Structures are given as C-alpha cells and as structure tokens.
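The residues making up each chain are set out below.
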Amino acid sequence: MSSIDDLFKKPALPSNKRKFEATRDPDGIYKTAKLTSNGSAKSNGKTVAVADEDDDIEAGPAPPPDDEDYGPDIPDDEEGRFFGGGVTQEENEILDYMDEQESAEIAPEKIDLAWLRKLALNFEKRITKNAELRAKFEGDPTKFMGSEADLDDDIKALSILSEHPELYAEFAKLGCVGSLVGLLAHENTDIAIDAVEIISELTDEDVEAETDQWNAIVDAMIDSDLLDLLVSNFARFNESNESDRSGVYHALSVLENLASRASIAEKIGQDTMVLKWLLGRILKKESPVGQNKQYAAEVLAILLQSSPINRRKLCELDGVDLLLQILAAYRKRDPAKGTEEEEFVENIFDSLTCVVDEVEGKQKFVEAEGVELCLIMIREGKMSKSRALRLIDHALGRQSGAEVCEKLVEAAGLKVIFTMFMKRQDGKTTEHLLGIFSSLLRFLPANSSGRIRALAKFVEKEYEKLGKLVKLRRDYAARVAAVDNEIRKEQARLSAEEREDMADEWDSRRLDAGLFCLQTIDVVLAWLVAEDDGAGKRIQSLLAERDEDLGLLKATIQEQLDTIHGDSEEETMTKDMLSTLAQFLA
C-alpha cells in the first residue's frame, strides 16, 4: 500500500524572508511530452500516426465556401437589440449597476479577536479530526488524506497573522501556538514542513511587531518545546528530497529569527544539539556548496556572535579544529565570487573570529595550528588574506593573548606581518596590523626572546617602520582634527541637552575618521619610547620635523584613559598600562 508521504507530496512555499532556491528545473518537472530529433512527439511511450502527404493541410473543420449565401446582412434594430449579446443598451446599463451594487456589498473580512477565535477553533478541529482519522485508519492513508489536505490549508491560512502581530498574544493564550509547534512532530513530514515555514514567517524580523508582541508568541513556542522539535526534524528530513530540503532551510530560518534575542541564542547553544548538528552540516562535502550548507554556517556565526557561552560550548565540541579544517581548503584557492561558497567561507571566518576572543578559543586555536594556517593565507592567499589577518588580530587581543603572541613569533610571523605593513594597504588592513603590533608589545613577556625579536623589527633598517608609523599618525590626526572642527561648530549651535543627544553620533564620526587607529599608533609609539632609547630618540626627531613632541602622544593616551569607566579585570589592566606609558611621555 502507498505511504502517506507518497500520497501527500507537494512543493514547499517560499519564505518571505529569503527565497528558497529549488534544485530541480520546473520545466523538467512538468514536461508532458518530449520531441524527438525529427520533431515528432512522444507521449507515454506511444506514438501517434499522422498522414504526411500534404504538409499544408490545416487542422480543424474545413472553412465554408466563399460563395455560400447566408441571407441579407441584418443590422441591429433601432432599440439596439443584439448589442452586448442580445440585450438592449438600457438593459446592459441596469446589469452593470446591479454588478456594482453586488460588489459593494462584499466587504473585506475584518481581522480582529472574533475572527481569530473562529480561526483558532477551526484550526484545533482540523488537528483533532486528522489525529482521529489517522488513529482509526492507520493502515489506509486514503481514508485520512482528505483531512490532511484540509489541515494543510489551515496551516497556510495562519500566514495572515504575520500582518497582524497585535493578535500574537491572544493567539498564544488560545493555545494555538502550542498546537502549531506540536505539528512539527506530525507523522507526515509535509505537514511538519508547513508548520516550520509558518513559524518562520510569524517570527521573521520583517514582521512589524512590537517587542512584547514578538516575545509573547516566541515564549509560547519555546515553552512548547520548539527547539527540541526542530532538532528532531533535522534528523528526519532527507535533503536529497526537495521538500525536505526546504524544511531544513526554514528550520534554519527559525533559529536565525530566535537568535535575535540573546537569552534564546544562549538556550539554543546550551540546551540543544543545534551546535553539534550545525558543525556536522557544514562539514558535509558538497560541490558546489549548497544553500543549506551556507545557511548552516551563517546561523552558526550568528549564534556565536550572540553569546560568549556559545563560543565556549563550541570549543568543548572541538569546533575550532573543525572550522580550521574547512578553511585549510582555501589556503591558496579562492571560492568563486558571488557564490554560496564565498559567503560560506566568510561565515566560517566570522565564526572563528568570534571564538578566538575567548580564552578557551585562543588555546584551541594555538593547539590546532591556527596561527600557522593564517600566516600561509596572509602570504599566499587572495580572498583569505584580509580575513586571516583579522583572525590573527582577534586571537592576539586581550590579556589571554600572550600564548598566541609567542606562537606568532615562533612561527616566523614577524617577517610576514612587518613586510605586509611596509606595503600600501587599505584602511581595514592597516587597522588590523596596528592592532597586532599593539598586542605584541603588550603581551610578549618582558626580556623574552620573542619580545626582543619584535622590538628589533621596529628598529631595523634605520627605523623605517617608525617613519611609516609617524606618517600614518599625521594622516589619521588630520582626519580626526577635521571632524573635530565640524563637531565644534555644531556644538556651538546646540543646547546642552541637544549636545548630550548627539554625543554618540559624534563619537561614531570620530571613529570613522580614524580615531581608533590614531590611538593605537600612539600606544605603539609610547611602548617603543619606553622600551628602547634609540627608538625613543628617533620618534622625538620625527615629531620635531613639524614642531611636535611627545606631548601629542600623551594627550591621546590620556583621552583613552578618560573613556574607561568600568572596573573589569581587562579594563583595570588597560588603565594601569596606559597610566604607566603616559609617565614615559612626560
């Protein structure tokens, strides 16, 4: 006997959020006849014999003879009979008037609480009826497939709720959210896929819902065990089937929507097998990289960006090593531009960049030889070069970056980084290079061979690196000064309250002008003044060329000190470092 899946297969609806791309050619799916090389048609393996004596013979009945007499040409009478199919002009106007009145009486359906309660009642009835028929006629799908089709229609009808988020809370109170989520466990995967898609629509960021409205429906979904049901469907969907592949796609979309709330993102990472499944999915070999593989990598990056707890969880799953294995394939090879594969690689880099901000992530990164891989990419890669540099910058950062700094020196990374610095670079690349210099000077142990080698790189070749640092400093200082002048003019026209409202925007404009790079350069120069007498004299000489002195560096460092208001361990150590450096610039 046919299975219910065979009787009930149908294409999945596209998501409002992003288009799900079908892998099969629609023309191929619905093609009913195939032409042979000689132009004849084949249908179901049978051929139709057609006489070919006269290629000009037209199909259909023969036309009447030209000389046949049909009687006189009778015009419409004076009352207009035969006009519009046998009615007079006056009668036609009456009919038009009646049509207009009938259309006016059909008012659009009012979407309100009463409508919702009716919808909810019918929805629950459909679910109950389908469950009863399935239980009663378990061995005969033809007996309950009609109720399944009705249920399918009712699920899709819930889509209209995404246009009325003011009804979300009531929809949840009526228990329909729990019923909808429960359909993810339905025996028919097509019903489950429909439910997943509707859940994706209702929680989509494009829905114009207030925070409390969105929270009401999402909380009800979480309470109804949505996350575990999504994971169980990942296991039962077979992506070689297009409908199931669509189901995986929409399930990933639901995870992306839910992760917009940090607490749920943490719950996804901690209380479910989602992270493990995502890692397994992105490791699956595909050529070319498919839509779901790319989307899995994107959702993984979102979950890791949302929560440090998730980042540490990934380390427990040996995720750093797995992600580096994926990137190893792109040491010298770039993915094709504008493809799913390119976006996939971007997401893998984003995930790793998040993870190495954590202490555990840095340790795993060193153990898995991530530093060595990144140096290869910086030397020989194209698309991967800038991403690998950013990854190294993050891995070296913060107090726990000392081990990574030492590994960089061990792996002959100083030559790679300093050679890159002396070449012309874009703004982002320069920012990451400066960040690496700052981390090396801050975290390499005092008097260690690694620190001595790093300092030697700054002073070699007659202090050429110091010359470029001072030149960059002047460029960034000029940009920031120009923005500061604009801000002062704006401040003069505003009240104290208005200036307070504009403070964040002004800070953002200063950062865009290069404030962060300026501050980082001054920290690097201050370290060199403190560490090496020869470097200190050279820096003062370079500044004196434009009547500048170390006071400029001290002012920038003092500004950084004034912006640190927290008392975390990292902030406390940063304040101590800056205060000490400022003393050397007196």
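Residues numbered from 1 in each chain as written. Predicted model: local features only at pLDDT ≥ 70, side-chain atom pairs only at ≥ 80, totals over all residues. Heavy atoms only, no water.

A.B. asks: Can you walk me through the overall build of the chain in this structure?
C.D. replies: Along the chain, the regular secondary structure elements total 29 helices and two strands. In the chain, buried positions account for 43% of the 586 residues. If you sum the accessible surface of the chain, you get close to 32,000 Å²; carbon and sulfur atoms cover 49% of it. (Helix = DSSP H or I, 4+ residues; strand = E, 2+ residues; numbered from the N terminus. Buried < 20%, exposed > 50% of the residue type's maximum accessible area, 1.4 Å probe, protein only. Areas by Shrake-Rupley, 256 points an atom, 1.4 Å probe, with all protein chains shown as cover.)

A.B. asks: What am I meant to see in unusual backbone geometry here?
C.D. replies: Most peptide bonds are trans, and most residues other than glycine sit at a negative phi. For the bond from serine 287 to proline 288, the omega torsion is 0 degrees, close enough to zero to count as cis. Following the sequence through the fold, proline 288 ends up in the loop between α13 (274–283) and α14 (291–306). One non-glycine residue with positive phi stands out, namely tyrosine 463, at about 60 degrees. The topology assignment puts tyrosine 463 in helix α24 (residues 449–492). Of the residues examined, tyrosine 463 reaches a relative accessible area of 24% and is grouped as partly exposed.

A.B. asks: Just checking my understanding: could you explain the nonpolar core for this structure?
C.D. replies: A general trend in soluble globular proteins is that nonpolar side chains are found buried together. Core analysis: the biggest nonpolar cluster contains 151 residues, and Ile282, Phe365 and Leu528 have the highest contact counts within it. Setting aside residues no more than four positions away along its own chain, isoleucine 282 makes contact with Lys293, Ala296, Ala297, Leu300, Leu323, Ile326, Phe344 and Ile348. (Core = buried A, V, L, I, M, F, W, Y, C linked by side-chain atoms within 4.5 Å. Contact = heavy atoms within 4.5 Å.)

A.B. asks: I would appreciate a short explanation of the environment of isoleucine 376 in the present structure.
C.D. replies: If you trace the backbone, isoleucine 376 turns up in helix α19 (residues 370–380). On the basis of relative accessible area, isoleucine 376 is assigned to the partly exposed category, the value being 24%. When the C-alpha positions of isoleucine 376 and glycine 413 are compared, they lie 9.6 Å apart, and in sequence the two are 37 residues distant. If we skip the residues at most four places from it in the chain, isoleucine 376 touches Arg331 and Gly381.

A.B. asks: What should I look at first to understand helix α9 (residues 211–223) in this one?
C.D. replies: Spanning 13 residues, α9 covers 18 Å between terminal C-alpha atoms, matching the ideal 18 Å at 1.5 Å per step. All of the buried residues in α9 are Gln213, Trp214, Ile217, Val218, Ala220, Met221 and Ile222. (Expected span 1.5 Å × (residues − 1).)

A.B. asks: When you look at the confidence of the model for the chain in this model, what are you seeing that I'm missing?
C.D. replies: Note: predicted coordinates in regions of low pLDDT should not be interpreted at a detailed level. The predicted model of the chain averages 85 in pLDDT, with 83% of residues at 70 or higher. The least confident element of the chain is strand β1 (residues 34–35), whose mean pLDDT is 34; the most confident is helix α18 (residues 359–367), at 96. Under a pLDDT of 50 for its full length, residues 1–16 has, in the predicted model, 49 contacts with residues more than four places off or in other chains. Segment residues 76–84: pLDDT under 50, and 11 contacts once partners within four positions in sequence are set aside and those in other chains are kept. (pLDDT = per-residue confidence, 0-100.)

A.B. asks: What am I meant to see in the pattern of salt bridges here?
C.D. replies: Pairing of side chains with opposite charge becomes possible as their charged atoms draw close. Using the criterion set out here, one finds 30 salt bridges in the structure. Aspartate 219 is the partner of arginine 261 in a salt bridge, and the nearest nitrogen-oxygen pair spans 2.8 Å. Remark: aspartate 219 occurs in helix α9 and arginine 261 occurs in the loop between α11 (242–258) and α12 (262–271); sequence separation between them is 42 residues. When its relative accessible area of 23% is taken as the criterion, arginine 261 is described as partly exposed. Between arginine 281 and glutamate 239 there is a salt bridge, and its shortest N-O distance comes to 2.8 Å. With a gap of 42 residues between them, arginine 281 in helix α13 and glutamate 239 in the loop between α10 (226–236) and α11 connect regions that are remote in the sequence. (Salt bridge = Lys/Arg side-chain N within 4 Å of Asp/Glu carboxyl O.)

A.B. asks: I'm lost on the side chain of serine 384 in this one. Help?
C.D. replies: As for its position among the elements, serine 384 is in helix α20 (residues 383–396). Residue serine 384 is classed as buried on the basis of its relative accessible area of 1%.

A.B. asks: How do you make sense of the packing of helix α16 (residues 319–328) against α19 when you look at a structure like this?
C.D. replies: The relative placement of two packed helices comes down to the angle between their axes together with the axis-to-axis distance. At their nearest, the axes of α16 and α19 sit 11 Å apart, and the two run at 25 degrees to each other. Between α16 and α19, the angle is such that the two are roughly parallel. Read as a crossing pair, α16 and α19 show a hand that is left-handed. Each of Leu324, Leu327 and Ala328 in α16 lies in contact with α19, whose residues at this interface are Gly370, Leu373 and Met377. When grouped by side-chain class, the residues that make up the contact of α16 with α19 number five nonpolar, one polar and no charged. (Axes fitted to C-alpha atoms, helices over the stretch in contact; angles between N-to-C directions. Parallel < 35°, antiparallel > 145°, perpendicular 65-115°, else oblique. Left-handed = near helix turned anticlockwise from the far one by under 90°. Nonpolar A, V, L, I, M, F, W, Y, C, P; charged D, E, K, R; others polar.)

A.B. asks: How should I be thinking about α13 in this particular structure?
C.D. replies: Because each turn of an α-helix spans 3.6 residues, side chains separated by three or four positions in sequence point in the same direction. Residues Val274, Leu275, Leu278, Leu279, Arg281 and Ile282 constitute the buried set of α13. Down the axis of α13, the buried side of the element spans an arc of 165 degrees, and every buried residue falls inside it. (Arc of directions from axis to C-beta.)

A.B. asks: It is not clear to me how the side chain of glutamine 560 should be interpreted in this structure. Could you clarify?
C.D. replies: Within the secondary structure layout, glutamine 560 lies in helix α28 (residues 551–562). If sequence neighbours within four positions are ignored, glutamine 560 has contacts with Gln519, Val523 and Leu578.

A.B. asks: Looking at this model, I keep getting lost on a negative patch on the surface. Mind explaining?
C.D. replies: Together, Glu90, Glu91, Glu93 and Asp96 line one region of the surface with negative charge. Along the chain, glutamate 91 falls in helix α3 (residues 89–105). The class of glutamate 91 is partly exposed, set by a relative accessible area of 40%. (Patch = residues over 30% accessible without salt bridge, like charges linked within 9 Å, V, L, I, M, F, W, Y side chains within 5 Å. Lys, Arg positive; Asp, Glu negative; His and termini not counted. Charge placed at Lys NZ, Arg CZ, Asp CG, Glu CD.)

A.B. asks: Can you help me understand the layout of surface pockets in this one?
C.D. replies: Here the largest pocket is characterised by a volume of approximately 990 Å³. Looking at the lining of the largest pocket, the elements with two or more residues in it are α20, α23 (427–443), α25 (496–513), α26 (515–531), α28 and α29 (569–584). A per-class count over the lining of the largest pocket returns eight nonpolar, 11 polar and 10 charged. (1 Å grid on protein atoms, 1.4 Å probe; cavity = no way out; pocket = protein on both sides within 12 Å on 5 of 7 lines; lining within 4 Å. Points joined across faces, edges and corners; volume = space filled by probe spheres on them.)

A.B. asks: Explain the packing of aromatic side chains to me, please; I cannot follow it from the model alone.
C.D. replies: Each aromatic ring pair is characterised by the separation of its centres together with the angle its planes make. The full count for this structure, using the stated rule, is six aromatic pairs. Here phenylalanine 418 and phenylalanine 458 contribute two aromatic rings whose centre-to-centre distance is 5.0 Å and whose plane-to-plane angle is 85 degrees, an arrangement assigned as edge-to-face. Of the two residues, phenylalanine 418 sits in helix α22 (residues 413–421) while phenylalanine 458 sits in helix α24, which places them 40 residues apart along the sequence. Pair check on accessibility: phenylalanine 418 and phenylalanine 458 agree, each one buried. Consider the rings of phenylalanine 437 and phenylalanine 458, whose centres lie 5.3 Å apart with planes at 75 degrees: the pair is edge-to-face. Here the residue phenylalanine 437 occupies a position in helix α23, and phenylalanine 458 occupies one in helix α24, the gap between them amounting to 21 residues. Per residue, the accessibility class of phenylalanine 437 equals that of phenylalanine 458, and both read buried. Ring pairing ties together the aromatic residues Phe418, Phe421, Phe437 and Phe458, which thus form one cluster. (Phe/Tyr/Trp six-rings, centres within 6.5 Å; stacked < 30°, edge-to-face > 60°.)

A.B. asks: I keep staring at the environment of glutamate 380 and nothing clicks. Help me out?
C.D. replies: With respect to the helices and strands, the residue glutamate 380 is situated in helix α19. Put simply, glutamate 380 and arginine 333 are 47 residues apart on the chain and 9.3 Å apart in space, counted from C-alpha to C-alpha. In this structure, glutamate 380 is in contact with Arg331 and Lys332, ignoring residues within four places of it in sequence. At 3.2 Å, the side chain of glutamate 380 and the side chain of lysine 332 are in polar contact. (Polar contact = N/O pair within 3.5 Å; in protein donor to acceptor, adjacent residues only side chain to side chain.)

A.B. asks: I would appreciate a short explanation of the packing of α20 against α23 in the present structure.
C.D. replies: Where α20 contacts α23, the two axes come as close as 9 Å, and the packing angle between them is 30 degrees. Classified by the angle their axes make, α20 and α23 are roughly parallel. Considering only the axes of α20 and α23, their crossing is left-handed. Contact with α20, carried on its side by Leu389, Arg390, Ile392, Asp393 and Leu396, involves Thr429, Glu431, His432, Leu433, Gly435, Ile436, Ser439, Leu440 and Phe443 of α23 and no other residues of that element.

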